[in-house]
Amino acid sequence: PTNPYAATKASAEFICKSYYNSFKLPIIIIRANNVYGPGQYPEKLIPKFITSLLNNESCTIHGDGESRRNFIYVDDVVYAIETIMNKGQINEIYNIGSKNEYDVNDIFVKLCKIIKPIEYPYKYKINVKNRYFNDFRYSVNCDKLKNMGWTEKTTFKQGLYKTIQWYTKFNEEKIHWKHTKL
């Protein structure tokens, strides 16, 4: 682990493993990386950018925006967990991920093309100093999961559209509540 967040995740895995070794508690460890979709807390990259663009606010990009992530839609994660629960082995670790690898700049441009297609998108972009612990790339091997018959069903583009639709509706409802008198 290169930062406290990653260290706590690794620590939790070791604690689970110790319960298996000490007490034979049946465990399966699941690692889902960069999940996105409706209802996600808006501090994460995709919902943060969506809500910023919907509110005509700038998107903050740490560093040069070239750090890369593999994004996976929430429904595909649910399907993966179902697959693991039905076909997985006790005391195994399963990675859930996708081949949808994009850098932060790619995500920004893709979302601008959908939400702000006519406007000059870079007026919504602000680069700030990179975080000290910002890893360049996260990518995981999902072969164990795929060998159990799991495949990703939602394309990245479909997932983005579904996510944007949800946040658009959520944003409209939030604005409505602000202006509603009780």
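Right above here is the structure, for reference.
First things first, this report covers the structure right here in the doc.

Parameters and conventions
- Residues numbered from 1 in each chain as written.
- Predicted model: local features only at pLDDT ≥ 70, side-chain atom pairs only at ≥ 80, totals over all residues.
- Heavy atoms only, no water.
- Buried < 20%, exposed > 50% of the residue type's maximum accessible area, 1.4 Å probe, protein only.
- Helix = DSSP H or I, 4+ residues; strand = E, 2+ residues; numbered from the N terminus.
- Patch = residues over 30% accessible without salt bridge, like charges linked within 9 Å, V, L, I, M, F, W, Y side chains within 5 Å.
- Areas by Shrake-Rupley, 256 points an atom, 1.4 Å probe, with all protein chains shown as cover.
- Salt bridge = Lys/Arg side-chain N within 4 Å of Asp/Glu carboxyl O.
- Phe/Tyr/Trp six-rings, centres within 6.5 Å; stacked < 30°, edge-to-face > 60°.
- Lys NZ or Arg CZ within 6 Å of the ring centre and 35° of its normal.

Bringing helix 2 (residues 45–54) into the picture now. Within helix 2, seven of the 10 residues are buried, leaving the element largely enclosed by the surrounding structure. Looking only at helix 2, the buried set comprises Ile46, Pro47, Phe49, Ile50, Thr51, Ser52 and Leu53. After helix 2 finishes, the residue Asn56 shows a positive phi value of roughly 55 degrees.

On the surface, a nonpolar cluster with roughly 440 Å² of combined accessible area is contributed by Ile15, Tyr19, Phe23 and Leu25. Classification of Leu25 by relative accessible area gives partly exposed; the value is 43%.

One pass over the full model with this rule turns up eight aromatic pairs. A centroid spacing of 6.2 Å and a plane angle of 85 degrees characterise the contact between Phe49 and Phe108, whose relative ring orientation is edge-to-face. Note that Phe49 is positioned in helix 2 and Phe108 in helix 4 (residues 104–115), a separation of 59 residues in sequence. Assigned by exposure class, Phe49 and Phe108 land together as buried. An angle of 80 degrees between the planes, with centres 4.7 Å apart, marks the rings of Trp166 and Tyr167 as edge-to-face. Assessed through its relative accessible area of 33%, Trp166 is described here as partly exposed. Residue classification places Tyr167 among the buried positions, given a relative accessible area of 2%. The structure contains a cluster of three or more aromatic residues connected by ring pairs, namely Tyr36, Phe71, Tyr73, Tyr102 and Phe156. Sitting above the plane of the Tyr20 ring, Lys24 keeps its charged end 5.5 Å from the centroid. Directly above the aromatic system of Tyr79 lies the positively charged group of Lys153, at a separation of 4.0 Å from the ring centroid.

Any link to function would need more than the numbers given here.
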